[in-house]
Amino acid sequence: MNNQNSFNIVERAIAILGLVGTNAFFGLPAVANFSQKSSTQSVVNQPLLIADSHSKDIVATAAEAGQFNTLAAALKAAGLVEVLQGEGPYTVFAPTDEAFKALPAGTVEKLLLPENKDKLVTILTYHVVPGKVMSGDLESGMVKTVEGSKVEVKVSDADVMVGDAKVLKADVPASNGVIHVIDTVIIPE
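Draft legend 1. Here's a closer look at the overall build of the protein. Tallying secondary structure elements over the protein gives seven helices and seven strands in all. Of all 189 residues assigned to the protein, the portion counted as buried reaches 44%. A separation threshold of at least 6 residues defines the contact pool for the protein, and within that pool the share at least 24 residues apart is 69%. By element, 53% of the accessible surface of the protein is carried by carbon and sulfur atoms, the whole surface being about 9,100 Å².

Below you can see the structure in the form of structure tokens.
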């Protein structure tokens, strides 16, 4: 099965789970830009349009964004929706649908199966850091995730990397934390 057919299956699963979001979230002007650590440091943001979502929790923000449908389905399958709707605060490095699409064919479908829930929880919680860590607070080094292990963050003049993922858009506000959009699903070792 090729990646496109695999992703179509995931899209159907998302629709069945009732998690297909609207694109309204991305239809508004951008308000979140990556803060600079110094006057010489800059981060290239991809042209994602982000609306102010201070009144919505992390899960609602992801579900309504239009580019996080696979993440929203995975959170539901893993039983993490209520956790990430909680008080927090949390920092979520959120892979886009394109990031999930780039995984080997069949990976997402397998992870969404009930018998793989523990593995899915491990992967998803590896994308979450306790507390609200804004882009201006990010520094190069190891950061402990909710999963329990650490992920490497590299801050440079050109970009910010979290594991093998590049931050595309930072500081997407939510009522219980912040989302940093990433281009790759990061997998704990």
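Draft legend 2. Quick look at the pairing of strand β1 (residues 90–95). Counting buried positions along β1 gives six out of six residues, so the element sits mostly inside the fold. Note that β1 and strand β2 (residues 128–130) share three bridges and pair antiparallel. Counted as the bridge partner of tyrosine 90 is proline 130 from β2. Relative to strand β7 (residues 177–182), β1 is paired through six bridges, and the arrangement is parallel. Note that in β7 the partner of threonine 91 across the bridge is valine 178.

Conventions adopted
Residues numbered from 1 in each chain as written. Predicted model: local features only at pLDDT ≥ 70, side-chain atom pairs only at ≥ 80, totals over all residues. Heavy atoms only, no water. Helix = DSSP H or I, 4+ residues; strand = E, 2+ residues; numbered from the N terminus. Buried < 20%, exposed > 50% of the residue type's maximum accessible area, 1.4 Å probe, protein only. Contact = heavy atoms within 4.5 Å. Areas by Shrake-Rupley, 256 points an atom, 1.4 Å probe, with all protein chains shown as cover. Pairing = 2+ DSSP bridges.

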